[in-house]
Amino acid sequence: MMTRKELDLWVGIFAVIGIGALLFLSLKVANLASFSAADSYQVNAKFENIGGLKVRAPVKSAGVVVGRIRSTPSSKTSAA
C-alpha cells in the first residue's frame, strides 16, 4: 500500500502532466506555437482588392490551413 507522501507525489505528477498537456493543446488549437520541424517559406502576393482580409487570417489549400496572413499594407494596391 502507498504511503500518503507517495500518493501526494503521484497526484502532483499527474496534475503537472495534465496541465502541460492542456497548455500544449491550447497553443496548437490557437496556432500560436509551431512545434513542427518542417521548413517554411514566405509567399508575397499583390491584389487590387483584399476585401475583408485580416492579419492572422488562415490561408487554406483544399480546405487545409497551410498558413496565416502575416501583414496587409494599407495602400491602394495591397500585398498580402
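Owing to the predicted nature of the structure, the values given are computational and were not obtained by experimental measurement.

Asker: What am I meant to see in the overall build of the chain here?
Answerer: A tally of regular secondary structure across the chain gives one helix and four strands. Expressed as a percentage of its 80 residues, the buried residues of the chain come to 5%. Across the chain, every contact between residues at least 6 apart in sequence was considered, and the portion connecting residues at least 24 apart equals 38%. Carbon and sulfur atoms make up 63% of the accessible area of the chain, which amounts to about 7,200 Å² in all.

Asker: Looking at this structure, I do not really get the pairing of strand β3 (residues 64-68). What am I missing?
Answerer: Along any regular strand the residues' side chains alternate between the sheet's two faces. The pairing of strand β2 (residues 58-61) with β3 spans four bridges and is classified as antiparallel. From the neighbouring strand, V59 faces β3, where its bridge partner is G67. Following β2, the chain reverses through two residues before pairing antiparallel with β3; A62 in that reversal takes a positive phi of roughly 55 degrees.

Asker: I would appreciate a short explanation of the pattern of salt bridges in the present structure.
Answerer: Working definition: two side chains of opposite charge can pair if their charged atoms are close together. Within the structure shown, the criterion is met by one salt bridge. Ionic pairing is found between D8 and R4, a salt bridge with its closest N-O pair at 3.8 Å. With D8 and R4 both in helix α1 (residues 4-30) and four residues apart, this pair spans about one turn of that helix. By relative accessible area, D8 is classed as partly exposed at 44%. Judged by relative accessible area, which is 62%, R4 ranks as exposed.

Asker: What is the right way to look at the environment of T72 in this model?
Answerer: Here T72 shows up in the loop between β3 and β4 (78-79). Each C-alpha atom of the pair T72 and V55 lies 6.7 Å from the other, and the pair is 17 residues apart in sequence.

Asker: I tried to follow the confidence of the model for the chain on my own but got confused; where do I start?
Answerer: Detailed reading of the predicted coordinates is not advisable wherever pLDDT is low. Scored by pLDDT, the chain comes out at a mean of 81, with 81% of its residues at no less than 70. Across the chain, α1 holds the top mean pLDDT of 93, while β4 sits lowest at 49.

Quick notes on the rules
Residues numbered from 1 in each chain as written. Predicted model: local features only at pLDDT ≥ 70, side-chain atom pairs only at ≥ 80, totals over all residues. Heavy atoms only, no water. Helix = DSSP H or I, 4+ residues; strand = E, 2+ residues; numbered from the N terminus. Buried < 20%, exposed > 50% of the residue type's maximum accessible area, 1.4 Å probe, protein only. Contact = heavy atoms within 4.5 Å. Areas by Shrake-Rupley, 256 points an atom, 1.4 Å probe, with all protein chains shown as cover. Pairing = 2+ DSSP bridges. Salt bridge = Lys/Arg side-chain N within 4 Å of Asp/Glu carboxyl O. pLDDT = per-residue confidence, 0-100.

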